[in-house]
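# Reading the structure
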Amino acid sequence: MPYFADLSGMSYKNILAQINGCTFCEPHLSHKARPVVTAHAHSRIVVIGQAPGRKVHESGIPWDDKSGDRLREWMGLDKEAFYDTKNLAIIPMGFCYPGTGKSGDLPPRRECAPLWHGPLLESLERVQLTLLIGAYAQRYYLRANPHKSLTETVRSFRDFLPDTIVLPHPSPRNNIWMKRNPWFGRELLPVLKEYVRDILP
């Protein structure tokens, strides 16, 4: 497969077909590559998170876990609206489950974003909002706006409006972070819900 071919001008369907057949990082995985990514030319919101967990790897459905339940709650969406690709494009930093390390899932593979994000995002014609979820997505996309920590980045969420909203990962592992930062629920989540309501039909 021509991984480094010029994909500019290619339709989102053709780019997704190439992504779904991608095995570029498979030599570094303990399992077969299974990219999990969804998009439509008319997607209005792009969700960029980390990488699929084991459950999502097995089901092939993005955010098909407790983290997804919390993210849908944060956005004020039910599953039908969330999985409508004309509403949301789900494009993680790493498309395949990276495996498990000593303290949880390994970081997303570094190959995916440089190879595929640019061409795929360029093929989406109606994006109004991008959600950058977690430190990996924020470090990659906010290079011109560095902050010392994820907390500081999220606390500065108004700096990135109106086209970007930064969020912590909605994993249950972050319950302690939520308790330590009650401003997140008071200040940011109402803004997120308002933006989603205004954008989606």
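Refer to the structure printed above.
Worth saying up front: this structure is predicted, and the values here are computed from it rather than measured.

## Quick notes on the pairing of strand β6 (residues 164-167)
In β6, alternate side chains face the same way, and those of T164 and V166 on one face and I165 and L167 on the other are all buried. Relative to β6, strand β5 (residues 129-133) runs parallel, the two sharing four bridges. The partner of I133 across the bridge, within β6, is L167.

## Describing the packing of aromatic side chains
Scanning all chains against the criterion turns up six aromatic pairs. Between the aromatic rings of F82 and Y83, the centroid separation amounts to 5.1 Å while the plane-to-plane angle is 90 degrees, which identifies the pairing as edge-to-face. We classify F82 as buried; its relative accessible area is 0%. Accessibility expressed as a relative area gives 27% for Y83, which makes it partly exposed. Taken together, the ring pairs in this structure connect W74, W177, W183 and F184 into an aromatic cluster.

## Looking at the sheet that holds strand β2 (residues 88-90)
The strand order β2-β1-β5-β6 describes an open sheet built from four strands, whose pairing is parallel. If you trace the sheet from one side to the other, it starts and ends with β2 and β6, each paired once. The mean inter-strand angle of the sheet, taken between neighbouring strand axes irrespective of direction, is 20 degrees. Along the sheet, helix α9 (residues 183-199) makes contact with β1 (45-48), β5 and β6, crossing β6 at roughly 140 degrees.

## Quick notes on the packing of helix α1 (residues 12-20) against helix α5 (residues 112-122)
In contact at an axis separation of 9 Å, α1 and α5 are set at 160 degrees when each is read in the N-to-C sense. When the axes of α1 and α5 are compared, the pair comes out roughly antiparallel. For α1 against α5, the interelement crossing comes out left-handed. Judged by residue contacts, Y12, I15, L16, Q18 and I19 of α1 engage W116, P119 and L120 from α5. Broken down by class, the residue content of the contact of α1 with α5 amounts to seven nonpolar, one polar and no charged.

The rules we used
- Residues numbered from 1 in each chain as written.
- Predicted model: local features only at pLDDT ≥ 70, side-chain atom pairs only at ≥ 80, totals over all residues.
- Heavy atoms only, no water.
- Buried < 20%, exposed > 50% of the residue type's maximum accessible area, 1.4 Å probe, protein only.
- Helix = DSSP H or I, 4+ residues; strand = E, 2+ residues; numbered from the N terminus.
- Pairing = 2+ DSSP bridges.
- Phe/Tyr/Trp six-rings, centres within 6.5 Å; stacked < 30°, edge-to-face > 60°.
- Axes fitted to C-alpha atoms, helices over the stretch in contact; angles between N-to-C directions.
- Contact = heavy atoms within 4.5 Å.
- Parallel < 35°, antiparallel > 145°, perpendicular 65-115°, else oblique.
- Left-handed = near helix turned anticlockwise from the far one by under 90°.
- Nonpolar A, V, L, I, M, F, W, Y, C, P; charged D, E, K, R; others polar.

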